[in-house]
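# Observations on chain architecture
So the chains spell out like this:
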Amino acid sequence: MSVWILNGLVWNEEAGTLVKQHVRTEGGNIAEIVDGSQQPDTAGSEVIDAAGKLVSAGFIDMHVHLRDPGFEYKEDIATGTRSAAAGGFTTIACMPNTRPVTDTAETVKYILDKAANEGIVRVLPYAAITKNELGRELTDFAALKEAGAIGFTDDGVGVQNAQMMKNAMALAKSLDMPVIAHCEDDSLVEGAWASEGNFAKKHGLKGIPNESEAIHVGRDALLAEATGVHYHVCHVSTEQSVRLIRLAKSIGVSITAEVCPHHLVLSDEDIPGLDDANWKMNPPLRTPRDVQAVIEGLEDGTIDIVVTDHAPHSAEEKARGPQLAPFGIVGFETAFPLLYTKFVRTGQWTLGFLLKRMTSDPARVFNLPTGRLEVGAPADLTIVDLENEREVRPETFASKSNNTPFGGWKLYGWPTATVVNGKLVWTKA
Ligand code: DOR
Ligand code: ZN
């Protein structure tokens, strides 16, 4: 099956601008990219009209929670992949804090099978570092790799014991697999939900200090140096973490890192009050100074990629209020519009920079075949309307959950169609 995507705007890095081109896919790959002044013969092909819209390599999100198995009331693989597609994502990597925890080959296979049958984007499963994510005993890395896991992480919690982390890294290295870490020292957090900043001060709350994250980053950078493993830092949120990653990179440690849109556009000082648990996530929103540091980290390449940490929770759970509700916000359906509106439309970043951090950079960091709009590459494509402003309406999300602090925000950069492996899997209604 051949598909022509006509008259779209493709980012041209040399020219530093969008250029009108036609893209043809064939058998799941990109077959041709031709100049927009040509009139391609589309007889016998499916045609998608992308006039005036951005055509990009599909977005890649290396940190998401699909909640399947076990928490299907929050999300499942069918709805989670639809939400991803609605956000322009064509490849997503799902975290193992499911129920059961993704710590056996059987659960990895369950996710891959269900994604193949019910998913509409590519799903790459991570497996847990420790059994049940309890930090006590390593999982069977070889069996998990064999089953299709792409890396090891106890995301949701930090691995508290340094020797456990070192053993995990040595084993992962021997299998040529990455370790992906949620960096959090529990002894420094104890019951707090907001960061140690002006919001916590104003409301008399115990705060989460920046060191709770950065201590693990520093420890793990040393362990990564010692073991040689590819070590990837999850959702970087503090100035201190950025500084440590920059130092580790400068001395050749195999370290990469990610940041979430909410940590780039919100600080603790934006939290409206104590009523709304949609401002509670882990890591928490940090101080404006930290926000500035993670932006600079992403800009200078210290932080390699953008991820959403899409973390759906039910309305009932979030209604318990910030102290009792679980941490996390949904992210797929607002990620690109938020960053495009806040950083590209304002002229701070080029569109090419944002696209790189959401496509070819994640592909580079995790050795994926996708993420490039080139002849011969897999035909994973995202089509985006860059011109029309629209309000974020959480009740319209394709996700089962709508726990977001961005409801009502007016944004540009809404995906209108998503193509995976040459197949149109989602279009805006
Ligand atoms: O906010 C978060 N939500 N951070 C995490 O680390 C876990 C995630 C979840 O699973 O809900
Ligand atoms: Zn996490």
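A brief report on the enclosed structure follows. Residue indices begin from 1 for each chain and proceed along its sequence in written order. By the order in which they are written, chains take letters starting at A while ligands take numbers starting at 1. Local features in this predicted model are restricted to residues of pLDDT 70 or higher, and side-chain atom pairs are both shown and tallied only at a pLDDT of 80 or more, whereas totals for entire chains, interfaces and linings draw on every residue. Side-chain calculation: all heavy atoms of the structure are included, whereas hydrogens and water are not.

A few words now on the coordination of the zinc ion (ligand 2). Ligating atoms shown are N, O and S within 2.8 Å of the metal, or 3.2 Å for Na, K and Ca, and water is not included, meaning a site may look less than complete. Looking at the zinc ion (ligand 2), the protein donor atoms are Asp155 (OD), His182 (ND1) and His235 (NE2), and they sit 2.0 to 2.3 Å from it. Spacing between the donor residues of the zinc ion (ligand 2) along the chain follows D-x26-H-x52-H. Within this pair, whereas Asp155 is found in the loop between α3 (141–147) and α4 (162–174), its partner His235 is found in the loop between β12 (231–233) and α7 (239–250), the two being separated by 80 residues in sequence. Per residue, the accessibility class of Asp155 equals that of His235, and both read buried. Elements are defined by DSSP. Helices are runs of H or I of four residues or more, strands are runs of E of two residues or more, and each kind is numbered from the N terminus. Burial classes follow relative accessibility: with a 1.4 Å probe on protein chains only, a residue under 20% of its type's maximum area counts as buried, one over 50% as exposed, and anything between as partly exposed.

Ranked by size, the top nonpolar core spans 94 residues in total, and within it Tyr231, Leu264, Phe336 and Trp349 carry the most contacts. No other element matches helix α11 (residues 335–344), which puts 7 residues into this core. Nonpolar cores are built from buried Ala, Val, Leu, Ile, Met, Phe, Trp, Tyr and Cys residues. Side-chain atoms within 4.5 Å join them into one set.

It is worth spelling out the side chain of Asp380 at this point. Relative to the assigned elements, Asp380 resides in the loop between α13 (360–365) and β15 (381–385). Setting aside residues up to four positions removed in sequence, Asp380 forms contacts with Ser56, Ala57, Gly58, Thr90, Thr91, Arg122, Thr370, Val419, Val420 and Asn421. Note on definitions: a residue-residue contact is assigned when non-hydrogen atoms from the two residues lie within 4.5 Å.

Attention now moves to the site of ligand 1. Nearness of a residue to a molecule or strand requires only that one of the residue's heavy atoms be within 4 Å of it. Around ligand 1 sit 14 residues, and of these Arg67, Asn97, His182, Asn282 and His313 come closest. His182 places a side-chain nitrogen or oxygen 3.1 Å from an oxygen atom of ligand 1. Each accessible area is a Shrake-Rupley estimate made with a 1.4 Å probe; only the visible protein chains count as cover when residues are assessed. Protein contact buries 93% of the 290 Å² of open area that ligand 1 shows by itself. For the shell around ligand 1, a count of residues per class yields 3 nonpolar, 8 polar and 3 charged. Side-chain atoms alone can form a polar contact between residues adjacent in sequence; in general such a contact is a pair of N or O atoms within 3.5 Å, and within protein one must be able to donate a hydrogen while the other accepts it. Each residue gets one label: Ala, Val, Leu, Ile, Met, Phe, Trp, Tyr, Cys and Pro are nonpolar, Asp, Glu, Lys and Arg are charged, and the others, such as Gly, are polar.

Glancing now at the sheet that holds strand β6 (residues 59–64). One open sheet holds the 3 strands; their spatial order is β6-β7-β8, and the pairing between them is parallel. Each edge of the open sheet is held by one strand with a lone partner, namely β6 and β8 (122–125). For this sheet, the mean angle separating the axes of adjacent strands, direction not counted, is 20°. Strands are treated as partners if at least two bridges between them are detected by DSSP. Sheet topology places β6 next to strand β7 (residues 89–94); 4 bridges connect them, and they run parallel. Counted as the bridge partner of Ile60 is Thr91 from β7. Note on geometry: axes are lines fitted to C-alpha atoms, helical ones only across the stretch in contact, with angles between N-to-C directions running from 0 to 180 degrees.

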